Amino acid sequence: MIEPRDVITMKIPYPSVSDRLAVSAHMYICVDALDVSHSFVKCQSLKPYMLVQETMKYYCDEEPDLRRNPFQKMTRIDCDKLFTVAGVSYDDRMKAKRRTNVSNELFEGVMRELNSDGYETIGLNAVELIRLNPMISSKAE
């Protein structure tokens, strides 16, 4: 069962099934987990261009630290977008291996950034998400 603060690795169909986020898997932090829906923010390796270009307005930069996170590289957590999907189940094997979640302190920082000035909510297509991720299945209603 995926819960808030858990970190999972998946591919998402955004903006379409042929785009970069659908082709390669990224880590996502679960922000909200209700019975029928989940919400996630994306984590990605911090790249040099991100330091000079404003690709995100709200974010958290996080160094690898097993006391706080499962990341292996300097990571930027995108708090401009919240990805949501309903009607699917996630296999626990999707959770990060080194540490399955982020610390309370990091999660609170992510939530502060996420809620500081609003964010874009992006609803994902459950069928496409399942097609891209063999460990995600349709949730029986």
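Located above this text is the structure these notes cover.
These remarks concern the structure in this document. (Residues numbered from 1 in each chain as written. Predicted model: local features only at pLDDT ≥ 70, side-chain atom pairs only at ≥ 80, totals over all residues. Heavy atoms only, no water.)

## Here we look at the overall build of the protein chain
Thought 1: Scanning the protein chain for helices and strands turns up four helices and eight strands.
Thought 2: Ordered by position from N to C terminus, the α and β elements of the protein chain give β-α-β-β-α-β-β-β-α-β-α-β.
Thought 3: With respect to the principal axes defined by its C-alpha atoms, the protein chain has extents near 45 × 30 × 25 Å.
Thought 4: In the protein chain, which comprises 141 residues, the proportion classed as buried is 45%.
Thought 5: At a minimum sequence separation of 6, the contacts of the protein chain that also span at least 24 residues come to 69%.
Thought 6: As displayed, the protein chain offers around 7,700 Å² of accessible surface, 50% of which is attributable to carbon and sulfur atoms.
Thought 7: Taking the average place of the 19 positive charges on the side chains of the protein chain and the average place of its 21 negative ones, the gap between the two points comes to 6 Å. (Helix = DSSP H or I, 4+ residues; strand = E, 2+ residues; numbered from the N terminus. Buried < 20%, exposed > 50% of the residue type's maximum accessible area, 1.4 Å probe, protein only. Contact = heavy atoms within 4.5 Å. Areas by Shrake-Rupley, 256 points an atom, 1.4 Å probe, with all protein chains shown as cover. Lys, Arg positive; Asp, Glu negative; His and termini not counted. Charge placed at Lys NZ, Arg CZ, Asp CG, Glu CD.)

## A word on the pattern of salt bridges
Thought 1: This model, assessed by the stated rule, comprises nine salt bridges.
Thought 2: Close ionic contact of Asp65 with Arg67 constitutes a salt bridge, the shortest N to O distance being 3.0 Å.
Thought 3: Residue Arg67 is classed as exposed on the basis of its relative accessible area of 67%.
Thought 4: In this structure, Asp78 engages Lys81 in a salt bridge whose closest nitrogen and oxygen atoms are separated by 2.9 Å.
Thought 5: The class for Asp78 is buried, based on a relative accessible area of 5%. (Salt bridge = Lys/Arg side-chain N within 4 Å of Asp/Glu carboxyl O.)

## Focus on the layout of surface pockets
Thought 1: Taken as a whole, the second largest pocket encloses approximately 200 Å³ of empty space.
Thought 2: Forming the boundary of the second largest pocket are 15 residues, of which Thr9, Arg93, Met94, Lys95 and Lys97 lie nearest the centre. (1 Å grid on protein atoms, 1.4 Å probe; cavity = no way out; pocket = protein on both sides within 12 Å on 5 of 7 lines; lining within 4 Å. Points joined across faces, edges and corners; volume = space filled by probe spheres on them.)

## A few points about the environment of Ser45
Thought 1: Looking at the secondary structure, you find Ser45 in strand E3 (residues 37–45).
Thought 2: Take Ser45: its relative accessible area is 29%, and that puts it in the partly exposed class.

## Concerning the side chain of Gln44
Thought 1: If you trace the backbone, Gln44 turns up in strand E3.
Thought 2: The buried category is assigned to Gln44, whose relative accessible area is 6%.
Thought 3: Engagement of the side chain of Gln44 in a polar contact is seen with the side chain of Lys42, the distance being 2.2 Å. (Polar contact = N/O pair within 3.5 Å; in protein donor to acceptor, adjacent residues only side chain to side chain.)

## Some details on the nonpolar core
Thought 1: Ranked by size, the top nonpolar core spans 17 residues in total, and within it Ile29, Val41, Ile77, Cys79 and Val110 carry the most contacts.
Thought 2: At four residues, the largest contribution of residues to this core is made by helix H3 (residues 104–116).
Thought 3: Judged by nonpolar contacts, the second largest core, of 16 residues, contains Cys30, Val88, Ile122 and Leu124. (Core = buried A, V, L, I, M, F, W, Y, C linked by side-chain atoms within 4.5 Å.)

## So, the side chain of Asp6
Thought 1: With respect to the element layout, Asp6 can be found in the segment before strand E1 (7–10).
Thought 2: Contacts of Asp6, omitting those with residues within four sequence positions, involve Met1, Tyr28, Ile29, Cys30, Lys95, Thr100 and Asn101.

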